[in-house]
Amino acid sequence: MAQTTKKGSNFLDKFAEFAAKLGNQVHLRSLRDAFAVLMPLFILAGVAVLINNVVFPWVFEGSTLESAQIWGTVIINGTLNIAGLLIAPMIGYNLSVNKGFMNPIASAAVGIASLVIMMPVNLFVTPVGSEEQILTSGVMTYGNLGTTGMFAGIIIGLAATELFIRLSNIKRLQINLGENVPPQVGKSFSTMIPVILVLSLFGIVALVLHVFFDTDLINLISVAIQEPLRAVNTSLLGTLLIYSTGNFLFTLGIHQSVINGTLLDPLLLTNMNENTLAFANGEEIPNIMTSAFVPTFGMIGGTGSTLCLLIAIFIFSKQKAPKDLGKLALAPGVFNINEPVIFGYPIVFNLPMMIPFVLQPAIGIVIGYLATSWGWMNYTVANIPWTTPPLLSAFLATAGDWRAIVVQLIIIVIGVALYLPFMKISERSAQIAAEKNT
């Protein structure tokens, strides 16, 4: 038995070590940092969609409504509709910073230029007032610049920046003007040859794809990589597996973002952006799993849906210490900040509490998924801040659907019932341990 326990412990240690290394890998960390920079823009887009399609119709009508909705339209054009164009330079900048490269601004410029180089040369567009498409050149569409091009922006941003940094570190490719020139001018000349080489290489790739394969890298990445990966990772099973793994790691003291932020969040955000644009245009909403759906129904009160545990403590706990902790943790818990519960109750390395901590978010996601797919509530269409309190989060994410609040309340009740027996076991174990120490 002791040998089996030791093997299990070694496995957990190795798994936790691997997960930590994966989450701290410089390219994946840079990807998370880039999305963190852009998150306020995507949240603004969600607010604009809500105001355009929920608030303005209450206040205006007819031509006045159409004029007022221009505000939301231009906000969406400057955020979601250029998401791919924004992510490439942000990745370039953050990857350079995380690698300690001397000129991260140049990396951002290389990232965005490389992405534009890979855009299609000719495009079919539909003129205003016409139903027929015409072939044009010299244009870039929001389709390629926005959510369709987001994954291409990620890959091209990473590849272009990595190549640029490697070439810039070769001394033979650096032009040194001496110390008597302004620093920025010196940096520009130092990286001039690497910039020319990187952009020329991407130009050659674009040429080959256009001439010999009649396609472009944006479309190739979308069809061959983005869509298959998104179909798997943001399916119900894929989301449950990745999200539950991240939550399990949190019970070992490793933040869940090392897994979720790498394998799931960028794809959920792509789904969210598609939903927001579809809702803004009055089209059918395509995705259930989004960056608003998962936290709204699987992170109630923070990772592990620990607001359910706090409610169980206040109603059923007979011990003073948990109740005192609950009073301290309630205020941040309402805003989905639950480190006081995770490390104070604790949940970390507390075997009884690890079980509901992993199970309850999965149950909430399944219930929300079924409620959405069966038409019992609206799809999530607005990207809300993760600190939005429960109930309000369900209402806002679904563009004001009161049924989503009911679904979230049902999940909370189930969560309290699930946490309760494990809370009792944990408190009893703590009491026995305290008695042995006295």
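Our subject is the structure listed above.
Here the structure is a predicted model, which is why all the values come from computation and not from measurement.

Visitor: With reference to specific residues and values, describe the overall build of the protein.
Guide: Within the protein one finds 21 helices and two strands. Taken over the C-alpha atoms alone, the protein extends approximately 75 × 65 × 40 Å along its principal axes. Counting only residues that meet the buried cut, the protein has 48% of its 438 residues in that class. Approximately 21,100 Å² of the protein is accessible, and the part contributed by carbon and sulfur atoms is 68%.

Visitor: Kindly report on the side chain of Thr398, identifying the contributing residues and their values.
Guide: Within the secondary structure, Thr398 is located in the loop between helix H20 (392–397) and helix H21 (402–437). With a relative accessible area of 1%, Thr398 lands in the buried category.

Visitor: Can you tell me about a nonpolar patch on the surface, naming the residues and giving the values?
Guide: On the surface, a cluster of nonpolar side chains totalling about 630 Å² of accessible area is made up of Ile204, Leu207, Val208, Val211, Phe212 and Phe213. By the element assignment, Val211 lies in helix H10 (residues 192–213). Here Val211 falls in the exposed class, since its relative accessible area comes to 52%.

Visitor: Run through the packing of aromatic side chains, naming residues and quoting values.
Guide: The full count for this structure, using the stated rule, is seven aromatic pairs. Centre to centre, the rings of Phe250 and Phe343 are 6.3 Å apart; their planes meet at 65°, and the pair counts as edge-to-face. With Phe250 in helix H12 (residues 236–250) and Phe343 in helix H18 (residues 339–344), this residue pair connects regions lying 93 residues apart in the sequence. Judged by relative accessible area, which is 47%, Phe343 ranks as partly exposed. Ring geometry for Phe250 against Phe357: centres 6.3 Å apart, planes inclined by 80°, an arrangement best described as edge-to-face. Of this pair, Phe250 sits in helix H12 while Phe357 sits in helix H19 (residues 351–373), placing them 107 residues apart in sequence. Linked through ring pairs, Phe56, Phe60 and Trp71 together constitute an aromatic cluster.

Visitor: Go over the side chain of Asn287 with me, naming the residues and quoting the values.
Guide: Its location among the elements puts Asn287 in the loop between helix H14 (265–280) and helix H15 (293–298). Residue Asn287 is classed as buried on the basis of its relative accessible area, which comes to 13%. A polar atom in the side chain of Asn287 sits 3.3 Å from the backbone oxygen of Asn271. Beyond its immediate chain neighbours, meaning those up to four positions away, Asn287 contacts Arg230, Asn271, Glu274, Asn275 and Tyr379.

Visitor: Give me the environment of Val121: which residues, what numbers.
Guide: Position of Val121 relative to the elements: it lies in the loop between helix H6 (104–117) and strand E1 (122–125). Its relative accessible area of 49% is what places Val121 among the partly exposed residues. With 304 residues separating them in the primary sequence, Val121 and Ile425 have C-alpha atoms 65 Å apart. Once residues within four sequence positions are removed from consideration, Val121 is found in contact with Thr136, Ser137, Gly138 and His210.

Visitor: Describe the environment of Ile300, naming the residues involved and giving the relevant values.
Guide: In this fold, Ile300 is placed in the loop between H15 and helix H16 (307–316). With a relative accessible area of 2%, Ile300 lands in the buried category. Along the sequence, Ile300 and Ile285 sit 15 residues apart, while their C-alpha atoms lie 24 Å from each other. Each residue touching Ile300, except ones within four places of it in the same chain, is listed here: Pro295, Ser305, Thr306, Leu307, Asn336, Pro390, Gln408, Ile411 and Ile412.

Visitor: I'd like a description of the pattern of salt bridges, backed by residues and values.
Guide: Considering all chains together, one arrives at six salt bridges under this definition. Glu162 is the partner of Arg166 in a salt bridge, and the nearest nitrogen-oxygen pair spans 3.0 Å. With a gap of four residues between them, Arg166 and Glu162 both fall in helix H8 (residues 150–168), about one helical turn apart. The class for Arg166 is exposed, based on a relative accessible area of 56%. In this structure, the salt-bridge partner of Asp324 is Lys320, at a minimum N-O distance of 2.6 Å. Here Lys320 and Asp324 lie together in helix H17 (residues 320–334), a separation of four residues that amounts to about one turn.

Visitor: Before we move on, can you summarise the environment of Gly301 with the specific residues and values?
Guide: The residue Gly301 is located in the loop between H15 and H16 in this model. Residue classification places Gly301 among the buried positions, given a relative accessible area of 0%. For Gly301, the residues in contact, after removing those within four places along its chain, are Thr306, Leu307, Gly333, Asn336, Ile337, Asn338 and Pro390.

Visitor: How would you summarise the packing of helix H5 (residues 83–98) against H6 if you had to cite specific residues and measurements?
Guide: H6 packs onto H5 with a crossing angle of 145° between their chain directions and a minimal axis gap of 7 Å. Taken as a pair, H5 and H6 cross one another with a handedness that is right-handed. Facing H5, whose interface residues are Gly84, Leu85, Ala88, Pro89, Gly92, Tyr93, Ser96 and Val97, H6 presents Pro104, Ile105, Ser107, Ala108, Gly111, Ile112, Leu115 and Val116. Counted by class, the contact of H5 with H6 contains eleven nonpolar, five polar and no charged residues.

Conventions we followed
Residues numbered from 1 in each chain as written. Predicted model: local features only at pLDDT ≥ 70, side-chain atom pairs only at ≥ 80, totals over all residues. Heavy atoms only, no water. Helix = DSSP H or I, 4+ residues; strand = E, 2+ residues; numbered from the N terminus. Buried < 20%, exposed > 50% of the residue type's maximum accessible area, 1.4 Å probe, protein only. Areas by Shrake-Rupley, 256 points an atom, 1.4 Å probe, with all protein chains shown as cover. Patch = residues over 30% accessible without salt bridge, like charges linked within 9 Å, V, L, I, M, F, W, Y side chains within 5 Å. Salt bridge = Lys/Arg side-chain N within 4 Å of Asp/Glu carboxyl O. Phe/Tyr/Trp six-rings, centres within 6.5 Å; stacked < 30°, edge-to-face > 60°. Polar contact = N/O pair within 3.5 Å; in protein donor to acceptor, adjacent residues only side chain to side chain. Contact = heavy atoms within 4.5 Å. Axes fitted to C-alpha atoms, helices over the stretch in contact; angles between N-to-C directions. Left-handed = near helix turned anticlockwise from the far one by under 90°. Nonpolar A, V, L, I, M, F, W, Y, C, P; charged D, E, K, R; others polar.

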